[in-house]
Protein chains: 2
Amino acid sequence: MKALRLTALLVAFWAAGASAADAPKPEGPPAKDWRDVSPENLVLIETRYGTVAVELAPEFAPRHVERLRNLLHAHFYDGRSFYRVIDGFVAQGGADQDTSATADAPVNPEILKAWPPLTAEFDAALPANARFAPLGNPDLFAPQVGHVDGFPVGRDPKDKRSWIIQCPGVFAFARDNADNTATTEFYIVIGQAPRRLDRNLTAFGRVIDGMQYLQKLNRGDPDVDSGVIADKSQQDPIIRMQLASDMPEGERPHYQVLRTESASFAELKAKRRHPAPEFYHRKPLANLDICGVPVPVRRATP
Amino acid sequence: MKALRLTALLVAFWAAGASAADAPKPEGPPAKDWRDVSPENLVLIETRYGTVAVELAPEFAPRHVERLRNLLHAHFYDGRSFYRVIDGFVAQGGADQDTSATADAPVNPEILKAWPPLTAEFDAALPANARFAPLGNPDLFAPQVGHVDGFPVGRDPKDKRSWIIQCPGVFAFARDNADNTATTEFYIVIGQAPRRLDRNLTAFGRVIDGMQYLQKLNRGDPDVDSGVIADKSQQDPIIRMQLASDMPEGERPHYQVLRTESASFAELKAKRRHPAPEFYHRKPLANLDICGVPVPVRRATP
C-alpha cells in the first residue's frame, strides 16, 4: 500500500496553483465552476526556461492595463531583460535601471516621451456586483481579505476601496518615490508576500502558470545597486512578451481559473483549513493566509 | 541624483537575509551583535547551481541533528537527488520515493535497518535562558512568535513548548503518516510558508545562504505522484552534502548571524515595521509576518 507522505495530502489542492493540468479530472469541480481567461487579459512571457502566463485584472487598474496592452502591441519588452531579481522578493523587468522608465531623473527621455508617467491606481472602487469571496478569517495587514476572480484582494469597509494583495506571483508596475511615476517597468513577486507594498504600488495581474520559470531567473546581489545585475550577460532575457489576443488564434494557449465565488473553491478552502487528520496529528489553527491559498488553474483545450 | 526605487529602500534590510555579504559594512551592527555559526551546525549542500548553507538548531531537535550529522559523516546524500520539488512549497531530497526512508512499507529495507525511524521532535522545552526575541505583534497560527538565534520560533505559553516555524528556507525531515517515521529524507521550504506543517514535522535548521540555488531546482508536477520527478535525468543531483566540521579547516566557509536578541536586530525590525515614508506613502499596518523578517547573515573571514 502506498503511504501518504509529506506532500501527498496537499497535492490535490496545491497542484492547480503550481502548474496547470492538461485536462480536467473527472472528479474535479463541475464545468460551470471554471471561468475562461480572456485572451485580452492573458500575457505570455517567454523566458529561456519556459513561458510564464499572467492574467490581468482591468477592473483594478484600467489605465495600467491599457498601458501594458499598448506596450505589448508595440513589442516594447521583446529582447529586454529581467535586470533586477532579488531572491525572496521580486523579479523586475523592462527597459533597465536608470531609464526614464523608473528614474525620477530620466537618462532615456525618448521612452518617457512615448510612455509618460501614469496616475497611480493603488486601489479601486469595485463594482457592487464584484464577486468578492471572503477568506473567512482575520488578516494581519488588511481589514478584510478574500478573492475576486482568483485574485487575492484586500478591502477596507470604511472607504469601500479594494486592492490586489502583493502575494507571490502578483504582477505590478514599479515606480519612483512619487506616486504617479510608473511608466513601463514591471515586477512580479517571487518571495514571501511583501505586504508592506499593498496599496503602495499598482498591482494588476497574477501569474497563473509557469511560476517555476521565474524562480530560475538569475539573481542580483541586493547589496549592490539595489539588486540590479551589473553583468548584462547574466541578466535573463525576456525573449518575447505578448498578449494572447495578438497571437494567431490557433497558437493561443487557453486557460481556465476556478471561480473563487463557487462552492468548489469554498470546499477547497475548507479542506486546507482542516487538513487531513491522518497526517496532521496536531490540528493547525483554523486560519488561512490569503497568499497561501492557491487558486486552481487549468490549461484548457479550446 | 539617484532616485530611490521599489526595491532600493528595502535592500539594506533584505540583503543579508538573501545573500551573505563578503565583509562587514562599516556602518553595520557592531561586532558583538554577530554570532559565529559553529562548524558542527553548518551543512553545505552542493548543487549544480551553487552551494546552499544550512544552520542546524540542535536544541530544538537533538536526535534529528545527531542523525543528520551521522548521515553526513557517512556521505549518505552524496550523489542522491532532489527528487520531489514542488514549486511554491518544498524541495525534498534523499534516498528517493518508496525507499524505507519515506515509506511505511519499505522497498529498501537495508536503509531502514541502518537508519531506523526517529522519535518525532515536533517541539521542545527550551532552556530557561534561551534567547527568545518576541516579534512584537500577533500571528495567525501561533500564540507567540519570535526568534531564537536567528530561527523563526513559535511558542505556547500554556505548555511552554517551542518550535521552529515552517518559513521559507526552513530545513526539516519528512515522514510518513505516523509521527515517529522520519529516517533520512529531508525537505526545505521554498514557497510561501506552509504554516499547517508547524509542530507536525520536525524542523531543525534553516538556509543561511544560497536560497536562490534551491529555487533553480527542476520542479515536479504536483498532480503526478505527489510531485516526484519521474525522469531521473531531470532530478537535480545533490553533488555533495557535508558538515563544515568534516571539511579541512582551510576549506570551511565561515558565517555569522546577527544576534536576534540584540538591539541591532530590534532596530531592523522597527525599520521594517515603519518603512521609509519617502516611498511608502500609505503607512502599512505596523505588523510583521514572522516569515517575512530576514535575519542578516554574513560570510566572515576566519
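For the structure, see preceding data.
All of the points below concern the structure found in this document. (Residues numbered from 1 in each chain as written. Chains lettered and ligands numbered in written order. Predicted model: local features only at pLDDT ≥ 70, side-chain atom pairs only at ≥ 80, totals over all residues. Heavy atoms only, no water.)

### Quick word on the overall build of chain A
Here comes step 1: Scanning chain A from N- to C-terminus turns up 5 helices and 16 strands.
Here comes step 2: For chain A, the proportion of its 302 residues judged to be buried stands at 64%.
Here comes step 3: Within chain A, contacts between residues separated by at least 24 positions form 72% of all contacts whose residues are at least 6 apart in sequence. (Helix = DSSP H or I, 4+ residues; strand = E, 2+ residues; numbered from the N terminus. Buried < 20%, exposed > 50% of the residue type's maximum accessible area, 1.4 Å probe, protein only. Contact = heavy atoms within 4.5 Å.)

### What to know about empty space enclosed by the protein
It is a probe the size of a water molecule, rolled over the atoms, that shows where empty space is left.
Here comes step 1: The full count for this structure, using the stated rule, is 6 cavities of 30 Å³ or more.
Here comes step 2: By volume, the second largest cavity is sized at about 540 Å³.
Here comes step 3: For the lining of the second largest cavity, the class distribution of residues is 20 nonpolar, 6 polar and 12 charged. (1 Å grid on protein atoms, 1.4 Å probe; cavity = no way out; pocket = protein on both sides within 12 Å on 5 of 7 lines; lining within 4 Å. Points joined across faces, edges and corners; volume = space filled by probe spheres on them. Nonpolar A, V, L, I, M, F, W, Y, C, P; charged D, E, K, R; others polar.)

### Describing the pairing of strand β12 (residues 202–209) of chain B
Residues and elements named next belong to chain B.
Here comes step 1: Counted residue by residue, β12 has 8 buried out of 8 residues, so it is predominantly covered.
Here comes step 2: Relative to β12, strand β3 (residues 51–56) runs antiparallel, the two being bridged by 4 bridges. Bridging across to β12, E55 finds its partner in R206.
Here comes step 3: In the sheet, strand β10 (residues 170–173) pairs with β12 via 4 bridges, with the strands oriented antiparallel. Counterpart to V170 in the pairing with β12 is R206. (Pairing = 2+ DSSP bridges.)

### Thoughts on the state of the cysteines
All names here are of chain A.
Here comes step 1: In this structure the tally under the stated criterion is 2 disulfides over all chains.
Here comes step 2: Sulfur-sulfur distance for the disulfide between C167 and C291 comes to 2.0 Å. Its S-S torsion of about -75 degrees marks the bond between C167 and C291 as left-handed, since a negative value means left-handed. Of this pair, C167 sits in the loop between β9 (161–164) and β10 (170–173) while C291 sits in the loop between α5 (263–273) and β16 (297–300), and the two are 124 residues apart along the sequence. Like C291, C167 is buried. (Disulfide = S-S within 2.5 Å.)

### Thoughts on the packing of aromatic side chains
Here comes step 1: For the structure on display, the rule yields 16 aromatic pairs over all chains.
Here comes step 2: Residues A:F76 and A:W115 carry aromatic rings whose centres are separated by 6.2 Å and whose planes lie at 75 degrees to one another, so their mutual orientation is edge-to-face. Note that A:F76 is positioned in the loop between α2 (62–73) and β4 (81–85) and A:W115 in the loop between α3 (109–114) and β6 (132–134), a separation of 39 residues in sequence. Assigned by exposure class, A:F76 and A:W115 land together as buried.
Here comes step 3: Here B:F173 and B:F204 contribute two aromatic rings whose centre-to-centre distance is 5.3 Å and whose plane-to-plane angle is 80 degrees, an arrangement assigned as edge-to-face. Here the residue B:F173 occupies a position in strand β10, and B:F204 occupies one in strand β12, the gap between them amounting to 31 residues. (Phe/Tyr/Trp six-rings, centres within 6.5 Å; stacked < 30°, edge-to-face > 60°.)

### Observations concerning α2(A)
All names here are of chain A.
Here comes step 1: Spanning 12 residues, α2 covers 16 Å between terminal C-alpha atoms, matching the ideal 16 Å at 1.5 Å per step.
Here comes step 2: Listed in full, the buried residues belonging to α2 are H64, V65, R67, L68, L71 and L72. Buried residues of α2, seen end-on, are gathered within an arc of 160 degrees and therefore sit on one face of the element.
Here comes step 3: The inward-facing, buried residues of α2 abut β2 (42–46), β3 (51–56), β10, β12 (202–209) and β14 (240–243).
Here comes step 4: Downstream of α2 by one or two residues, H75 has phi in the positive range, about 55 degrees. (Expected span 1.5 Å × (residues − 1). Arc of directions from axis to C-beta.)

### Overview of the environment of A:A95
Residue and element names in this part refer to chain A.
Here comes step 1: Among the secondary structure elements, A95 is positioned in the loop between β5 (90–94) and α3.
Here comes step 2: By relative accessible area, which is 10% here, A95 ends up buried.
Here comes step 3: For A95 and I229, which are 134 residues apart along the polypeptide, the C-alpha to C-alpha distance reads 13 Å.
Here comes step 4: Setting aside residues up to four positions removed in sequence, A95 forms contacts with F76, R80, Y83, A101, I111, T184 and E185.

### Some remarks on the pattern of salt bridges
Here comes step 1: In the structure shown here, the tally under the stated rule is 32 salt bridges over all chains.
Here comes step 2: One salt bridge in this structure joins A:D139 and A:R195, with 2.9 Å as the shortest N-O distance. Note that A:D139 is positioned in the loop between β6 and β7 (144–148) and A:R195 in the loop between β11 (186–189) and β12, a separation of 56 residues in sequence.
Here comes step 3: On the basis of relative accessibility, which here comes to 8%, the residue A:R195 falls in the buried class.
Here comes step 4: When the shortest N-O distance is used, the salt bridge between B:D198 and B:R195 registers 2.7 Å.
Here comes step 5: The network of salt bridges with common partners includes A:D123, A:D159, A:R161, A:R199 and B:R282. (Salt bridge = Lys/Arg side-chain N within 4 Å of Asp/Glu carboxyl O.)

### Things to note about unusual backbone geometry
Here comes step 1: Located in the positive-phi region is A:H75, a residue other than glycine, with phi close to 55 degrees.
Here comes step 2: Here the phi dihedral of A:S226 falls at roughly 55 degrees; this positive angle occurs in a residue that is not glycine.

### Things to note about the sheet that holds strand β1 (residues 34–36) of chain B
Residue and element names in this part refer to chain B.
Here comes step 1: On the basis of which strands lie adjacent, the open sheet formed by 3 strands has the order β1-β15-β16 and antiparallel pairing. Either end of the sheet is taken by a strand with one partner, and the two such strands are β1 and β16 (297–300). Looking at each pair of strands side by side, their axes are set apart by 35 degrees on average, direction ignored.
Here comes step 2: Where β1 meets strand β15 (residues 254–258), 3 bridges bridge the pair, whose relative direction is antiparallel. Residue pairing for β15: W34 is matched across the bridge by L258. (Axes fitted to C-alpha atoms, helices over the stretch in contact; angles between N-to-C directions.)

### Looking at the side chain of A:D139
Here comes step 1: Looking at A:D139, the relative accessible area reads 16%, which means it is buried.
Here comes step 2: Engagement of the side chain of A:D139 in a polar contact is seen with the side chain of A:R195, the distance being 2.9 Å.
Here comes step 3: Not counting chain neighbours up to four residues away, the residues in contact with A:D139 comprise A:V145, A:R195, A:I290 and B:L140. (Polar contact = N/O pair within 3.5 Å; in protein donor to acceptor, adjacent residues only side chain to side chain.)

### Details of the sheet that holds strand β1 (residues 34–36) of chain A
Two orientations exist for strands paired in a sheet by backbone hydrogen bonds: parallel and antiparallel.
Residues and elements named next belong to chain A.
Here comes step 1: One open sheet accounts for 3 strands, arranged β1-β15-β16; its pairing is antiparallel. Sheet topology places β1 and β16 at the edges, where each strand pairs with a single neighbour. Shown here is a sheet whose adjacent strand axes are inclined to one another by a mean of 35 degrees, direction ignored.
Here comes step 2: Two strands pair when backbone bridges link them, and strand β15 (residues 254–258) and β16 are joined in this way by 4 bridges, in the antiparallel orientation. When the sheet's bridge partners are listed, H254 is paired in β16 with A300.

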